[in-house]
Amino acid sequence: MVETIQNRIKGLRDEMKKAGVQAWYISGTDPHQSEYMPEHWQARSFISGFTGSAGLVVVTLDRAALWTDSRYFLQAGEQLAGTGIQLMKQRMPETPEPAAWLGSQLEAGAKVGTDLSCLSVAQSKKLQADLAAAGLSLCDTGDLLQHIWENRPALPVNPVFEHQLQYSGKRRTDKLKEILQFAEVNGANATLLTALDDLAWAFNLRGTDVEYNPVFVGFGFVAEGKHTLFVDQQKINQELKDQLQEDGIAIQDYESFYSYLKELDEDCIVMFDPARTNAAVQAAIPDKLKVIEQTSAATLLKAQKTTFEIIHIRETMKKDGVAMVNFLYWLNQTAGKEPLTEFDLVEKLGYFRAQQEEFQGNSFYSIVGLNGNGAIVHRSVTRESAASIGDEGMLLFDSGGQYLGGTTDITRTITLGEPTAKQKRDFTLVLKGMIGLSQAKFPAGTVGANLDVHARMHLWKNGLNYGHGTGHGIGYFLNVHEGPMSIRQEYNEQTIKPGMVISNEPGLYREGEYGIRIENVIVCAESEETGFGRFLEFETLTLCPIDLKLVEKQLLSQDELEWLNSYHEKVYKRLEPLLEDEQRIFLKEQTRKL
């Protein structure tokens, strides 16, 4: 594989010379600014061999570097070894930004090429400014990889299907009306839908073009009397076409989106999200038209789940909880008694979820790590790389499911034998952080960065920390990572609002020893209104026991202990009617009162 990567980089450099650029910038995403994407657009993986879900690559005529975040430091180090590609650890003080690094590598006036269709409007503006400050310029070369990528996978043509009203809870015509109203309030009369999850949500459609994400490749144009869906038309059967047309939605070919924009009427005022719209889309809009850059209405609307959706999510969490208890019971009966590997656990997690009604697939590739492997935050285990599992060690597993009534994401860390005092202390400090965020009560208007400390303060007091965010938004039978909200140390101006479904996942990773992460899904809800304002809180939605063998009871406050006992009481009460006798007895023990 190392030689293959080196040959690909050599081929890219030949194309760079033909294009007259001294460097090429690979954003690591697609024309829809997706985190996960069809193989056709997985340029970062193709050119570097790195398979993580986040990162960018820069190639000059004699150097190459990949930037990624702390979730992937270990994985990237392993996958880049021998390729000649330098690992740049993002958010580390010694790591330069890509433009600054390029400024140190290239002569003043050099040109940096990129494919603007895979760079957002916001990213393009920032990159141009950063490069200009370094004495460099940015130019659009198009996709240079098309000349060297042999047997490149075609774009998928999987069928698009309806997310039925019994699950969506709101007609697409009503959603499109809300998007139009949002545009009007912001001075526009048309909205572009360019992110795949926004598109799927707005039109009440789903697909399987992207593994683990129930979306399809397409664009949307929303305007009074001109709603248009741009999609490969062979994906939509006649019955669905008729339903869409009945709802006032025209269908055009996916490739015609850019030419459609070029022919927009002069009175069209177009709104698009600069963070989720690629720069080539912006370039296609005639200069004479007024444009308004604003966070996507679909992004904001779908982030706040409706009461109808939350009811379905609670039911979905029961299904997922049953699957997790069945998995834990099976593991308890099997580990140390039969041959078992980390990869077997990946398969079993999917197996137990597949037994649940309304299950549509996993929401991401399950992360399983025994001992030191658990410290690789987003480890992607294969049959060949899987470690054997016996009757001792710390085991971390992060998994989730896609159901018609919601998306799940859960991490548990368990001990297979008797834990050490150090392991129990570390686990309990992480647990205290998870409980702290679960119990948070805060004034309306609070941003995620102000809540993040709840999850970290007990670790910080002991000189410990973790490098990833604490919470990300979660879709409703959509992407497991959903914006615009987040709970992390970095500032995000989006406030946390009622209906937002978010992960709560503090962790601790000791390289070469073990990893700990405890993750529940929480939803923001109204708490109370006092003379000091309106206050919000969180409801925990996930239903799965936490390993009590790893809890150091003396480290928990009385309040934290009561939360843990109350949580386990809720888990048992809601799941026990759905379990077989042996699993019910097992769950009773796992949720015993401390």
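Note that residues are indexed from 1 along each chain, following the sequence as it is written. Totals for whole chains, interfaces and linings use all residues, but because this is a predicted model, local features are given only for residues with pLDDT of at least 70 and pairs of side-chain atoms are given and counted only at 80 or more. Hydrogens and waters are ignored; side-chain quantities use all the structure's heavy atoms.

Peer 1: Please give an account of the overall build of the chain that cites residues and values.
Peer 2: Secondary structure counts use DSSP, requiring at least four H or I residues in a row for a helix and at least two E residues in a row for a strand, with both numbered from the N terminus. Secondary structure assignment for the chain yields 18 helices and 28 strands. With the C-alpha coordinates aligned to their principal axes, the bounding extent of the chain is approximately 70 × 55 × 50 Å. Accessible area is worked out with a 1.4 Å probe on protein chains only. A residue is then buried under 20% of its type maximum, exposed over 50%, and partly exposed in between. Counting across all 594 residues of the chain, residues that qualify as buried make up 57%. In what follows, a contact means two residues having at least one pair of non-hydrogen atoms within 4.5 Å. Partitioning the contacts of the chain with sequence separation of at least 6, the portion at a separation of at least 24 is 69%. Entry remark: accessible area of the chain is about 24300 Å², with carbon and sulfur atoms responsible for 47%. All accessibility values rest on the Shrake-Rupley procedure with a 1.4 Å probe; residue burial counts only the protein chains present in the view.

Peer 1: Residue-level account of the sheet that holds strand β20 (residues 410–415), with values.
Peer 2: Being paired, for any two strands, means DSSP has found at least two bridges between them. With antiparallel pairing, 3 strands are arranged side by side in an open sheet as β16-β17-β20. Each edge of the open sheet is held by one strand with a lone partner, namely β16 (367–370) and β20. Shown here is a sheet whose adjacent strand axes are inclined to one another by a mean of 10°, direction ignored. With 4 bridges joining them, β16 and strand β17 (residues 394–399) adopt antiparallel strand pairing. When the bridges of β17 are listed, Ile367 appears paired with Asp398. Only C-alpha atoms enter the line fits that serve as axes; for helices the fit covers just the stretch in contact. Angles between N-to-C directions range over 0 to 180 degrees.

Peer 1: Break down the domain arrangement of the chain for me, citing the residues and quoting the values.
Peer 2: Boundary definitions for the domains trace back to an automatic or database domain assignment. Taken domain by domain, the chain comprises domain 1 (1–147), domain 2 (161–296) and domain 3 (304–584). Tallying the contact residues gives 16 residues for domain 2 and 18 residues for domain 3. For the domain 2 and domain 3 pair, buried surface summed over both sides reaches about 1400 Å², with 60% attributable to carbon and sulfur atoms. Of all residues in domain 2, Tyr167, Asp197 and Tyr212 give up the largest surface area on contact with domain 3, accounting jointly for 46% of the area buried on that side. Here's the idea: put two parts together, see how much 1.4 Å probe accessible area each one loses, and the total over both is what we call buried area.

Peer 1: Explain the environment of Gly417 residue by residue, including any values.
Peer 2: Its location among the elements puts Gly417 in the loop between β20 and α15 (421–438). The contacts of Gly417, once residues within four sequence positions are left out, are Asp391, Glu392, Gly393 and Lys549.

Peer 1: Provide a residue-level description of the packing of helix α7 (residues 172–185) against helix α8 (residues 196–203), including the pertinent values.
Peer 2: Remark: α7 packs on α8, axes separated minimally by 7 Å, with the N-to-C direction vectors making an angle of 120°. With respect to each other, α7 and α8 are oriented oblique. Contact with α7, carried on its side by Arg172, Lys175, Leu176, Glu178 and Ile179, involves Trp201, Ala202 and Phe203 of α8 and no other residues of that element. Within the contact of α7 with α8, the residues separate by chemical class into 5 nonpolar, no polar and 3 charged. Throughout this description, any angle smaller than 35 degrees is read as roughly parallel, any larger than 145 degrees as roughly antiparallel, any in the 65 to 115 degree range as roughly perpendicular, and the remainder as oblique. Under the grouping applied here, Gly and all other residues not named as nonpolar or charged are polar, the nonpolar ones being Ala, Val, Leu, Ile, Met, Phe, Trp, Tyr, Cys and Pro and the charged ones Asp, Glu, Lys and Arg.

Peer 1: Can you tell me about the pattern of salt bridges, naming the residues and giving the values?
Peer 2: Definition used for salt bridges: Asp or Glu carboxyl oxygen within 4 Å of a side-chain nitrogen of Lys or Arg. For the structure on display, the rule yields 37 salt bridges. When the shortest N-O distance is used, the salt bridge between Arg152 and Asp143 registers 2.6 Å. Between Lys432 and Glu560 there is a salt bridge, and its shortest N-O distance comes to 2.7 Å. Linking Lys432 in helix α15 with Glu560 in helix α17 (residues 558–575), this pair joins segments that are 128 residues apart in sequence. Residue Glu560 is classed as buried on the basis of its relative accessible area, which comes to 7%.

Peer 1: Account for α8, with residues named and values stated.
Peer 2: Of all 8 residues in α8, 8 are buried, a share of seventy percent or more. Listed as buried for α8 are Leu196, Asp197, Asp198, Leu199, Ala200, Trp201, Ala202 and Phe203. Taken from the residues just after α8, Asn204 is the one with a positive phi, measuring 55°.

Peer 1: Explain a nonpolar patch on the surface residue by residue, including any values.
Peer 2: Residues Val453, Met457 and Trp460 make up a contiguous nonpolar surface patch of about 240 Å² in total accessible area. Its place among the elements puts Met457 in helix α16 (residues 448–460). Without a salt bridge and with relative accessible area above 30%, a residue can belong to a patch; like charges are then joined within 9 Å and nonpolar side chains (Val, Leu, Ile, Met, Phe, Trp, Tyr) within 5 Å.

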